Amino acid sequence: MHGPITVSETSTQDELVQAQAEIEYTQGTIKKVDAEGGKVTIKHGPLVNLDMPSMTMVFRADPDMIARMSEGQDIEFVAEPVKGKLTVTQMK
């Protein structure tokens with residue numbers, strides 16, 4: 001017996017906007033930027049998506065994002081585990 005197979009569903013623009021709106025940004029202050037090492041130290045508020053309290057810690061970030069960072073800068077960011085390392089994936 002064979003039935004229909006759904007390979008993927010297409011999201012509407014409204015669904016994409018809603019998903020983007022649900023992303024929770026965390027406020028933080030950049031304490032140190034290590035561009036060569038691909039790391040940034042951030043003093044941050046609670047990371048709700050990771051169930052972590054406020055603290056100062058080191059994150060990974062890609063070179064393009066690090067180029068937009070400077071010590072003392074106040075940011076809002078999203079951090080997620082990427083290949084086992086906490087990584088800044090979005091910043092505004």
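The structure this text deals with has already been given above.
Rules of the game
- Residues numbered from 1 in each chain as written.
- Predicted model: local features only at pLDDT ≥ 70, side-chain atom pairs only at ≥ 80, totals over all residues.
- Heavy atoms only, no water.
- Helix = DSSP H or I, 4+ residues; strand = E, 2+ residues; numbered from the N terminus.
- Buried < 20%, exposed > 50% of the residue type's maximum accessible area, 1.4 Å probe, protein only.
- Contact = heavy atoms within 4.5 Å.
- Core = buried A, V, L, I, M, F, W, Y, C linked by side-chain atoms within 4.5 Å.
- Phe/Tyr/Trp six-rings, centres within 6.5 Å; stacked < 30°, edge-to-face > 60°.

This part takes up the overall build of the chain. Helix and strand counts for the chain come out as two helices and five strands. Seen in sequence order, the chain has helices and strands lined up from the N terminus as α-β-β-β-α-β-β. In the chain, which comprises 92 residues, the proportion classed as buried is 25%. Put simply, 46% of the contacts in the chain that link residues at least 6 apart link residues at least 24 apart.

Formed by 15 residues in total, the largest nonpolar core has its most connected members in Val40, Ile42, Phe59, Ala61, Met69, Phe77 and Val88. Of all the secondary structure elements, the ones that give two or more residues to this core are strand 2 (39-44), strand 3 (55-60), helix 2 (63-67), strand 4 (74-82) and strand 5 (85-91). Here this core takes three residues from strand 4, the largest share from any one element. Leave out the neighbours within four places in its chain, and valine 88 touches Val40, Ile42, Phe59, Arg60, Ala61, Met65, Met69, Phe77, Val78 and Ala79.

For threonine 41, the position within the fold is in strand 2. Once residues within four sequence positions are removed from consideration, threonine 41 is found in contact with Thr29, Ile30, Lys31, Lys32, Thr56, Met57 and Val58.

Mapped onto the elements, threonine 87 comes out in strand 5. For threonine 87, a relative accessible area of 12% gives the class buried.

Another aspect to go through is the environment of isoleucine 30. Relative to the helices and strands, isoleucine 30 resides in strand 1 (residues 26-34). When the C-alpha positions of isoleucine 30 and glutamate 71 are compared, they lie 5.2 Å apart, and in sequence the two are 41 residues distant. For isoleucine 30, the residues in contact, after removing those within four places along its chain, are Val40, Thr41, Ile42, Met69, Ser70, Glu71, Gly72, Gln73 and Ile75.

Before going further, it helps to examine the packing of aromatic side chains. On inspection of all chains with the given rule, the structure shows one aromatic pair. Taken together, a centroid distance of 5.5 Å and an interplanar angle of 70 degrees make the contact between phenylalanine 59 and phenylalanine 77 edge-to-face. A residue pair is termed long-range when its members are at least 10 positions apart, and phenylalanine 59 in strand 3 and phenylalanine 77 in strand 4 qualify at 18 residues. This pair shows no difference in class: phenylalanine 59 is buried, exactly as phenylalanine 77 is.

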